[in-house]
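Here's the letter readout for the chains.
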Amino acid sequence: MSAKIIDGKAVAREIQERLAEEVVQLKNERGITPGLAVVLVGNDPASRVYVNNKKKMCEKLGIYSEEHLLDESTSQDTLLALIRDLNSNPRIHGILVQLPLPGHLDEKAVLEAVSPDKDVDGFHPMNVGRLMVGEPGFVPCTPAGIMELIKHTGVGLKGKRAVVIGRSNIVGKPVALLLLAEHATVTICHSRTVDLPGVAREADVLVVAVGKPKLVNKEFIKPGAVVIDVGVNRVQTGLVGDVDFDSASEVAGYITPVPGGVGPMTIIMLMRNTIEAARRKGK
Ligand code: NAD
């Protein structure tokens, strides 16, 4: 095995320490306590765990947080009314609606109801557009975390070949735009890409966000490449990524493990966006 492991937990911890200092500074210098509201509809156990983790991280950082746990049968109107209240609540700087929503709710309408200035998940079309045209807005948390991990390796992106496997709105497309903004030459691959291993092998930086256990092995990897595995797949032996870690490690220069790579970064980027929302609002 030759690849260096990118330790997402350690990088997240470093950023957490910096953010805690920023929260103290915001309070002391401007009297602002950042506030995050998390809205969860229904009883999905995984979503409950995520919401709880967000609450705990807010406590650690000194961020005010509110949980709004709504019944599975909540109507669209009730949910939209809550979002309107949160949009105008001065204690709240960031609003996160935990996805997926129960099937009877219109996810698109709900996400569009969140004020773009409080959209710390970066899913509102206004923030998607800002990312596209390179204006400051909120960047989705997982792609933002991926960029921090790449930065941490010290491998520059300017002029490099970056390949993203997966074209979802929450990971693949936004991370491709962020790589482009850093002057990489970017290729986006998906389920219909012809010769996926051949295209992937051109990458100096390979980001894999597919949701298929161990799809990528050493045949996909250019020697020395940075490999970021976003996939989280539950198999009989536990959690595995989209990358076959042992095989890929023989060839890659840097690689993220699963778990302990991209995962810990996502929540910390949510905290960063919330602090940023508070800072902008106070201006
Ligand atoms: P998605 O299902 O929305 O998108 C998957 C993408 O992969 C699609 O664009 C599809 O075209 C592509 N794809 C499917 N099969 C393929 C194949 N055989 N070859 C090439 N491309 C193929 O998924 P998503 O929401 O982007 O999530 C991807 C993975 O990342 C999942 O495992 C998810 O659990 C994980 N994820 C992790 C985090 C985190 O914080 N760690 C956050 C978001 C998503």
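Predicted model only: the values in this text are computed from it and were never measured. (Residues numbered from 1 in each chain as written. Predicted model: local features only at pLDDT ≥ 70, side-chain atom pairs only at ≥ 80, totals over all residues. Heavy atoms only, no water.)

Another aspect to go through is the packing of helix H1 (residues 8-30) against helix H6 (residues 141-153). Between H1 and H6, whose axes approach to 11 Å, the crossing angle comes to 100°. Between H1 and H6, the crossing angle belongs to the class labelled roughly perpendicular. From H1, Gly8, Val11, Glu14 and Ile15 reach across to H6, where they touch Glu148, Leu149 and His152. Across the contact of H1 with H6, the residue classes break down as 3 nonpolar, 2 polar and 2 charged. (Axes fitted to C-alpha atoms, helices over the stretch in contact; angles between N-to-C directions. Helix = DSSP H or I, 4+ residues; strand = E, 2+ residues; numbered from the N terminus. Parallel < 35°, antiparallel > 145°, perpendicular 65-115°, else oblique. Contact = heavy atoms within 4.5 Å. Nonpolar A, V, L, I, M, F, W, Y, C, P; charged D, E, K, R; others polar.)

Right, let's talk about the environment of Asn87 for a bit. Relative to the helices and strands, Asn87 resides in helix H3 (residues 76-87). For Asn87, a relative accessible area of 22% gives the class partly exposed. As a C-alpha pair, Asn87 and Ala278 span 191 residues in sequence and 13 Å in three-dimensional space. Discounting residues that sit within four places of it in the chain, Asn87 has contacts with Ile95, Ala113, Val114, Ser115 and Lys118. Reaching out from Asn87, the side chain makes a polar contact with the backbone oxygen of Ala113 at a distance of 2.9 Å. (Buried < 20%, exposed > 50% of the residue type's maximum accessible area, 1.4 Å probe, protein only. Polar contact = N/O pair within 3.5 Å; in protein donor to acceptor, adjacent residues only side chain to side chain.)

Among the nonpolar cores identified, the biggest contains 52 residues, and Ile146, Leu179, Val207, Ile228 and Met271 are the most heavily contacted of them. Among the elements that line this core, the one with the most residues is helix H10 (residues 263-281), at 9 residues. Sequence-distant contacts of Val207, defined by excluding residues within four places in its chain, comprise Ile146, Val163, Val164, Ile165, Val175, Leu179, Ile228 and Val230. Ranked by size, the runner-up nonpolar core spans 20 residues in total, among them Phe220, Ile221, Val251 and Ala252. (Core = buried A, V, L, I, M, F, W, Y, C linked by side-chain atoms within 4.5 Å.)

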